[in-house]
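# Structure assessment
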Amino acid sequence: MSDRLDELERRIDELRAGVRRAMRARDTVTARALRADLRAAERTWDSLVSAPVQTPGGGRRPGATTVRERVHQALDALAAPAQPRLIVAVSEAFFAGGLRSAQLTSIRRDEERSFRSSPYGRPYYLCAALTDRLSPARGLLTLSTWPLERRVVGPLSPRVDFLTCAAAVAERVTRSAGPSPEALRLVARMGRNIPGGELVELGKDVDPCRVAEMALAELAVHLDRDTRDRAELAARAREQLDDPARLFGAALLSAADVGALGKEGITA
């Protein structure tokens, strides 16, 4: 499936470039045909990435959730922006698993295409975290239903988000009557990256309550400053960005674009 997605993404990029060339040449007939091909390729991409996750034996469970639904489950459990590898690990630890990082690499682009073609047509979107430049943060996924203050990332946000995720994972393990081996390994790995957790064992005797306490203790050190930084970024995003950019980030100007603006006498 990953190879098929990669092929489709290359085809989509080629078609977009073709549409731009045709529009520059004022060749509306060619542009219209290419746009039809582009829409067809995007629909195929959407159907592939939204296909129900298969079981290890290759079959499909009745009522199986889609890839995007499983990503939503994991992000909702973490309550903070996360990288694909953590999303996959959380899905494996607490839900039905079956996700692969390769399935998440381009999902945000599909979500953006869906939003632009039918704004707010879905109950939620898997969208980008926004950097201090209000551009999409590489590899960080968030949920559109979260407030902007949670979807922007400042200087301290990576650490704050890791601690938030570690506390959420540890607390979920604590509440579980019989946590899976994957859940215990995950909370142990996260605990070893928190001050005081260097001696956390990777085996079954890990104490999730202790990991949660350590995560929350360090989180308290950074939270006020990070909250202020994020509030400032969120205010800028609301003032400067339209709805799509607030979810998926503003495009950065290339060096060529900046040079062109300078020649036209336009200043920032």
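Every value quoted in this text rests on a predicted model; they were computed, and no experiment measured them.

A word on the overall build of the protein chain. On a plain count of helices and strands, the protein chain comes out with twelve helices and two strands. Traced from its N-terminal end to its C-terminal end, the protein chain shows the element sequence α-α-α-α-α-α-β-β-α-α-α-α-α-α. Burial status across the protein chain gives 43% buried among its 268 residues. Taking the contacts inside the protein chain whose residues are at least 6 apart along the sequence as the reference set, 61% of them involve residues at least 24 apart. Of the roughly 14,700 Å² that the protein chain leaves accessible, carbon and sulfur atoms contribute 52%.

It is worth spelling out the pairing of strand β2 (residues 136–143) at this point. Judged from the four bridges that link them, strand β1 (residues 126–130) and β2 form a sheet pairing that is antiparallel. Following the sheet pairing, Leu130 is matched in β2 by Pro136. Counted along the chain from β1 to the antiparallel partner β2, the turn is five residues long, and its residue Leu134 has a positive phi close to 65 degrees.

Another aspect to go through is the environment of Val71. Mapped onto the elements, Val71 comes out in helix α3 (residues 67–78). On the basis of relative accessible area, Val71 is assigned to the buried category, the value being 0%. Distance from Val71 to Thr142, taken between C-alpha atoms, is 9.6 Å for residues 71 residues apart in sequence. When sequence neighbours within four positions are dropped, the list of residues in contact with Val71 reads Ile87, Leu99, Leu104, Leu126 and Leu141.

Geometrically, a packed helix pair is captured by the angle between its two axes and the distance between the axes. Across the interface, α3 lies against helix α4 (residues 84–94) with an axial gap of 9 Å and an inter-helix angle of 95 degrees. One way to sum up the angle between α3 and α4 is to call them roughly perpendicular. On α4, the residues touching Arg70, Val71, Ala74, Leu75, Ala77 and Leu78 of α3 are Leu86, Ile87, Val90 and Ser91. A class-by-class count of the residues in the contact of α3 with α4 yields eight nonpolar, one polar and one charged.

Our focus in this paragraph is the pattern of salt bridges. Summed over all chains, the structure comprises ten salt bridges. Ionic pairing is found between Asp243 and Arg246, a salt bridge with its closest N-O pair at 3.7 Å. Placement of the pair is Asp243 and Arg246 together in helix α11 (residues 243–248), with a separation of three residues, close to one helical turn. According to the relative accessible area criterion, Asp243 is partly exposed, its value standing at 33%. Three or more residues are tied together by salt bridges with common partners; here these are Arg68, Glu111 and Arg122.

Under the criterion given, the structure shown has three aromatic pairs. Between Phe115 and Tyr120 the ring centres are 4.8 Å apart and the planes differ by 80 degrees, which places this aromatic pair in the edge-to-face class. When the centroid spacing of 5.3 Å and the interplanar angle of 85 degrees are considered together, the rings of Phe115 and Tyr125 count as edge-to-face. Within this pair, whereas Phe115 is found in helix α6 (residues 107–117), its partner Tyr125 is found in the loop between α6 and β1, the two being separated by ten residues in sequence. Summarising the burial analysis for this pair, Phe115 and Tyr125 share the class buried. Connected via pairs of aromatic rings, a cluster forms that spans Phe115, Tyr120, Tyr125 and Phe248.

As for its position among the elements, Thr131 is in the loop between β1 and β2. Since its relative accessible area comes to 17%, Thr131 is described here as buried. Not counting the four nearest positions on each side in its chain, Thr131 is found in contact with Pro136, Ala137, Val153 and Leu233.

To continue, consider the nonpolar core. As a rule of thumb, soluble globular proteins bury nonpolar side chains together. One finds Val71, Leu75, Leu86, Ile87, Val90 and Leu186 to be the most contacted residues of the largest nonpolar core, which totals 43 residues. At the level of secondary structure, the elements contributing two or more residues to this core comprise α3, α4, β2, α8 (157–175), α9 (181–191) and α10 (208–240). Ranked by the residues each element gives to this core, the list is headed by α8, at eight residues. Residue contacts for Leu186: discarding those within four places in its chain leaves Leu86, Ala89, Val90, Ala93, Phe94 and Val169. In this structure, Leu134, Leu233, Ala234 and Ala237 belong to the second largest nonpolar core, which totals nine residues.

Moving on: the confidence of the model for the protein chain. On average, residues of the protein chain score 82 in pLDDT, and 81% of them are at 70 or above. Per-element confidence in the protein chain is highest for helix α7 (residues 148–151), whose mean pLDDT is 96, and lowest for helix α12 (residues 255–263), whose mean pLDDT is 39. Segment residues 55–60 is flagged for pLDDT under 50; beyond a separation of four residues in sequence, or across chains, it makes five contacts in the model. Considering only residues more than four positions removed or in separate chains, one finds that residues 253–268, a stretch of pLDDT under 50, has three contacts.

Right, let's talk about α9 for a bit. Taken as a whole, α9 has its buried residues at Ala183, Leu184, Leu186, Val187, Ala188, Met190 and Gly191. Next to the buried residues of α9 lie α4, α8 and α10.

What counts, and at which threshold
Residues numbered from 1 in each chain as written. Predicted model: local features only at pLDDT ≥ 70, side-chain atom pairs only at ≥ 80, totals over all residues. Heavy atoms only, no water. Helix = DSSP H or I, 4+ residues; strand = E, 2+ residues; numbered from the N terminus. Buried < 20%, exposed > 50% of the residue type's maximum accessible area, 1.4 Å probe, protein only. Contact = heavy atoms within 4.5 Å. Areas by Shrake-Rupley, 256 points an atom, 1.4 Å probe, with all protein chains shown as cover. Pairing = 2+ DSSP bridges. Axes fitted to C-alpha atoms, helices over the stretch in contact; angles between N-to-C directions. Parallel < 35°, antiparallel > 145°, perpendicular 65-115°, else oblique. Nonpolar A, V, L, I, M, F, W, Y, C, P; charged D, E, K, R; others polar. Salt bridge = Lys/Arg side-chain N within 4 Å of Asp/Glu carboxyl O. Phe/Tyr/Trp six-rings, centres within 6.5 Å; stacked < 30°, edge-to-face > 60°. Core = buried A, V, L, I, M, F, W, Y, C linked by side-chain atoms within 4.5 Å. pLDDT = per-residue confidence, 0-100.

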